[in-house]
Amino acid sequence: MTQIRIPKPISHQKMQDLANLPLFHKLNNRRIIVAGHEVGAMWKAELLAATGAHIDLFLGIPINQEHKRVFDKIENVILHERRWHKDDLKNSALAVCQSISNEDAIAFITAARENSVLVNIIDKPEYCDFTFGAIVNRSPLVIGISTDGASPALGQELRGRLEIMLPQKIAKWLNLAAAWRPKIKKSDLEPKQKRDFWHIFARKALEANIQEPNDELFESLLMQTPSNEGNVSLVGAGPGDPELLTIGALRALQSADVVLVDDLVSQDIIDFVRREADIISVGKRGHKPSNSQDSIIKTMIDHAKAGKNVVRLKGGDVLVFGRATEEIKACEAQGIPIKIIPGITTAQGVAASLGISMTDREYSYKVQYITGSGKNGSLPQGINFDAIADKHATTFVYMPRHTINVFVEKALQSGISRETPAAIIINATRQGQKNIITTIAQIPHCFAEIEYDRPEILIIGDVLKNSNAYHEAMANFKETQKAPELET
Ligand code: SAH
């Protein structure tokens, strides 16, 4: 009998080690010392001056034409012809030096330390308290990119891509947001509605190459802000690889208050959940300890009634063997708004990972998804085995293990050829995916050989002949009489 589990909170993963902490430094009207006379020092002085800081640039040589050309119009950079002195570092917010020699660098660092000033020695990361990285500047939006010196070129490439991605008018949108913040703060919107308002704003701002932002937009965004009632989204997480999440799924995860997750959802996907959200495990596994469907529905409804954005996150697609009907009906009965965000079902992930089409002009004109586990875990009554024996069909059997012997026996009785290609795919689209490719007659034996601890799906049909792995497997099978396991 299935053992009972109860819904259980899971904690977010610990933050990964950080090579550097990005901080955003207000420097307006602060004093900064820069030492050096070459391009590096000049560029840093110009960059730092853009923050509104007052820069003392100690050249150590007479001012030349190039210095004049660059700094002519930058009033907050004062050029000094003399070399820096350690007293110059007093009251400096930051200190930057393009050193001529190691001794010079060390003297500068020592002076900086004595004055408790953070220091950057240009092009010598081993001497730096802070580094600059690549910058995307759409102030007030500022994005800093660091690869900790591993590949500045990658930082620059990434900057280029972000520049392309960001709408032209993003700064205008942000200036409006800053002006609207006090209004929203003072409004009588509930905290969840305020969050929803800003998320709607953010989506519009990021899509907005066409729209010119203006104050009228404020009212229109307010109109679009949902009321304070809770809601449920049934979200398909795909078979495991986070690349297979839809944009809709990602958005739902990032605006959720509570996420109820199945065991089949991979940790890589749970990592996308908004950090402030409660994540509750409501796993249900055939023939393993499980949460009852009733307790899952109760947890879902209770949180929605408490005004939360509830995400019910399921492996694969929500509408394929996910008991979605019960959850939809329960929400409808309680008048709770429900949204369905479909996902990529395991069969699609499997076909893509094997590099084969599910339908094929030569081999298959139909695809069928069957469950091996009906009510009470037995083979569902009424499976049409003539359809499974159809030579021109591609069949995926979800939850195949516990009824596999009867399934294959009935398919053979209905006339499926013993040589029909079949494969067990374990952990599809995840790390450690395993493909066991063989023929239908061998399948019960293969299941008996492999231990059951990860999700597995069965695919049957001639479309497998389009995969190179199938031909390798058959050649190997003839030689050794053993079905091979192919790591992908
Ligand atoms: N809604 C899911 C199916 C849920 S039923 C979907 O659309 O894919 C659960 C079954 O799905 C598992 O027993 C297994 O047969 C299959 N499954 C889910 N994820 C899988 C994966 N990553 N690899 C192999 N099979 C998987």
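This is a predicted model, so every value here is computed, not measured.

Thresholds applied
Residues numbered from 1 in each chain as written. Predicted model: local features only at pLDDT ≥ 70, side-chain atom pairs only at ≥ 80, totals over all residues. Helix = DSSP H or I, 4+ residues; strand = E, 2+ residues; numbered from the N terminus. Rg over C-alpha atoms; globule rule 2.2 N^0.38 Å. Buried ≥ 20, exposed ≤ 12 C-beta atoms within 10 Å, placed from the backbone. Contact = placed C-beta atoms within 7 Å. Near = placed C-beta within 6 Å. Nonpolar A, V, L, I, M, F, W, Y, C, P; charged D, E, K, R; others polar. Domains from an automatic or database assignment. Axes fitted to C-alpha atoms, helices over the stretch in contact; angles between N-to-C directions. Parallel < 35°, antiparallel > 145°, perpendicular 65-115°, else oblique. Left-handed = near helix turned anticlockwise from the far one by under 90°. Pairing = 2+ DSSP bridges. Arc of directions from axis to C-beta. Expected span 1.5 Å × (residues − 1). Core = buried A, V, L, I, M, F, W, Y, C linked by C-beta atoms within 7 Å.

Brief notes about the overall build of the protein
Link 1 in the chain: Helix and strand counts for the protein stand at 16 helices and 21 strands.
Link 2 in the chain: The C-alpha radius of gyration of the protein comes to 31 Å, more than 25% above the 23 Å expected for a compact globule of 488 residues.
Link 3 in the chain: If you line up the protein on its principal axes, its C-alpha atoms span 95 × 65 × 40 Å.
Link 4 in the chain: Within the protein, the proportion of its 488 residues that are buried is 31%.
Link 5 in the chain: Sequence separation of at least 24 residues holds for 66% of the intrachain contacts in the protein that already meet a minimum separation of 6.

Points about the site of the ligand
Link 1 in the chain: As a structural note, the neighbourhood of the ligand is formed by 22 residues, with Gly-316, Thr-345, Thr-346, Ala-428 and Pro-455 the closest of them.
Link 2 in the chain: Among the residues forming the shell around the ligand, the class breakdown is 10 nonpolar, 8 polar and 4 charged.
Link 3 in the chain: Inspection of the shell around the ligand shows a minimum of three residues originating in each of domain 3 (231-344) and domain 4 (347-487).

Brief notes about the packing of helix α6 (residues 191-207) against helix α7 (residues 216-224)
Link 1 in the chain: Where α6 contacts α7, the two axes come as close as 9 Å, and the packing angle between them is 120 degrees. Between α6 and α7, the interaxial angle falls into the category oblique. The interaxial crossing formed by α6 with α7 has right-handed handedness. Of the residues in α7, those touching α6 at Phe-197, Ile-200 and Phe-201 are Leu-221, Leu-222 and Gln-224.
Link 2 in the chain: Its residues assigned to classes, the contact of α6 with α7 comprises 5 nonpolar, 1 polar and no charged.

A word on the pairing of strand β19 (residues 434-439)
Link 1 in the chain: Most of β19 sits out of view: 5 of its 6 residues are buried.
Link 2 in the chain: Bridge count for strand β18 (residues 421-426) against β19 is 6 bridges, and the pairing is antiparallel. Across the sheet, Ile-426 pairs through a bridge with Lys-434, a residue of β19.

Describing the domain arrangement of the protein
A common measure of how large an interface is: the accessible area buried when the components associate.
Link 1 in the chain: What the domain assignment reports for the protein is domain 1 (31-132), domain 2 (170-214), domain 3 (231-344) and domain 4 (347-487).
Link 2 in the chain: Of note, the centres of domain 1 and domain 2, computed from C-alpha atoms alone, are 39 Å apart.

Quick word on the packing of helix α5 (residues 170-186) against α6
Link 1 in the chain: For the pair α5 and α6, the least separation of the axes is 11 Å and the interaxial angle reads 165 degrees. Classified by the interaxial angle, the pair formed by α5 and α6 is roughly antiparallel. Considering how the two elements wind past one another, α5 and α6 form a crossing that is right-handed. Judged by residue contacts, Ile-170, Trp-173, Ala-177 and Ile-184 of α5 engage Lys-194, Phe-197, Phe-201 and Ala-205 from α6.
Link 2 in the chain: Taken together, the residues of the contact of α5 with α6 sort by class into 7 nonpolar, no polar and 1 charged.

Some thoughts on helix α11 (residues 324-334)
Link 1 in the chain: Buried within α11 we find Glu-327, Ala-330 and Cys-331. For α11, the angular spread of buried residues about the axis comes to 95 degrees, placing them on one side. In α11, those exposed residues whose orientation departs by more than 90 degrees from the buried face are Thr-325, Lys-329, Glu-332 and Ala-333.
Link 2 in the chain: Buried residues in α11 make contact with β10 (231-236), α10 (293-305), β14 (309-314) and β15 (338-341).

Description of helix α4 (residues 152-165)
Link 1 in the chain: The end-to-end C-alpha distance of α4, which contains 14 residues, comes to 20 Å, matching closely the 20 Å that a straight helix rising 1.5 Å per residue would cover.
Link 2 in the chain: Counted residue by residue, α4 has 0 buried out of 14 residues, so it is predominantly exposed.

A few points about the sheet that holds β15
Link 1 in the chain: Pairing within the open sheet is mixed, and its 6 strands lie in the order β2-β12-β11-β14-β10-β15. Each edge of the open sheet carries a strand with a single partner, namely β2 (8-10) and β15. Averaged over all pairs of adjacent strands, the angle between their axes in this sheet comes to 25 degrees, without regard to strand direction.
Link 2 in the chain: Where β10 meets β15, 4 bridges bridge the pair, whose relative direction is parallel. Within β15, the position partnered with Val-232 by the bridge is Ile-338.
Link 3 in the chain: Helix α8 (residues 247-254) contacts β10, β11 (258-261), β14 and β15 of the sheet and is inclined by roughly 135 degrees relative to β10.
Link 4 in the chain: With respect to the sheet, α11 is in contact with β10, β14 and β15, its orientation differing from that of β10 by roughly 165 degrees.

A look at the sheet that holds strand β3 (residues 31-35)
Link 1 in the chain: Here we have 5 strands laid out as an open sheet, ordered β5-β4-β3-β6-β7, and parallel in their pairing. The sheet is open, and its two borders are formed by β5 (77-80) and β7 (118-121), each paired with just one other strand. Averaged over neighbouring strand pairs, the angle between their axes works out to 20 degrees when direction is ignored.
Link 2 in the chain: Pairing analysis gives 4 bridges linking strand β6 (residues 94-97) to β7, with the strands arranged parallel. Following the sheet pairing, Ala-95 is matched in β7 by Val-119.
Link 3 in the chain: Running over the sheet, helix α1 (residues 39-49) touches β3, β4 (54-58), β5 and β6 and is turned about 170 degrees from β3.

Observations concerning the nonpolar core
Generally speaking, a soluble globular protein has its nonpolar side chains buried in company with each other.
Link 1 in the chain: Counting 34 residues, the largest nonpolar core has Val-350, Ala-423, Ile-457, Leu-458 and Ile-459 as its most contacted members.
Link 2 in the chain: Other than its neighbours up to four places away in sequence, Ala-423 contacts Asn-435, Ile-436, Ile-437, Thr-438, Ile-459 and Leu-464.
Link 3 in the chain: One finds Val-235, Val-261, Leu-313 and Ile-341 within the second-largest nonpolar core, a separate group that totals 30 residues.

Quick notes on the environment of Gln-65
Link 1 in the chain: With respect to the secondary-structure elements, Gln-65 resides in helix α2 (residues 65-71).
Link 2 in the chain: By C-beta crowding, Gln-65 is classed as exposed, having 7 other C-beta atoms within 10 Å.
Link 3 in the chain: Separated by 282 residues in the primary sequence, Gln-65 and Ala-347 have C-alpha atoms spaced 68 Å apart.

A closer look at the environment of Ile-122
Link 1 in the chain: Relative to the helices and strands, Ile-122 resides in the loop between β7 and β8 (134-138).
Link 2 in the chain: With 324 residues separating them in the primary sequence, Ile-122 and Cys-446 have C-alpha atoms 62 Å apart.
Link 3 in the chain: Ignoring any residue separated from it by four or fewer positions in sequence, one finds Ile-122 in contact with Gly-40, Ala-41, Lys-44, Val-96, Cys-97 and Gln-98.

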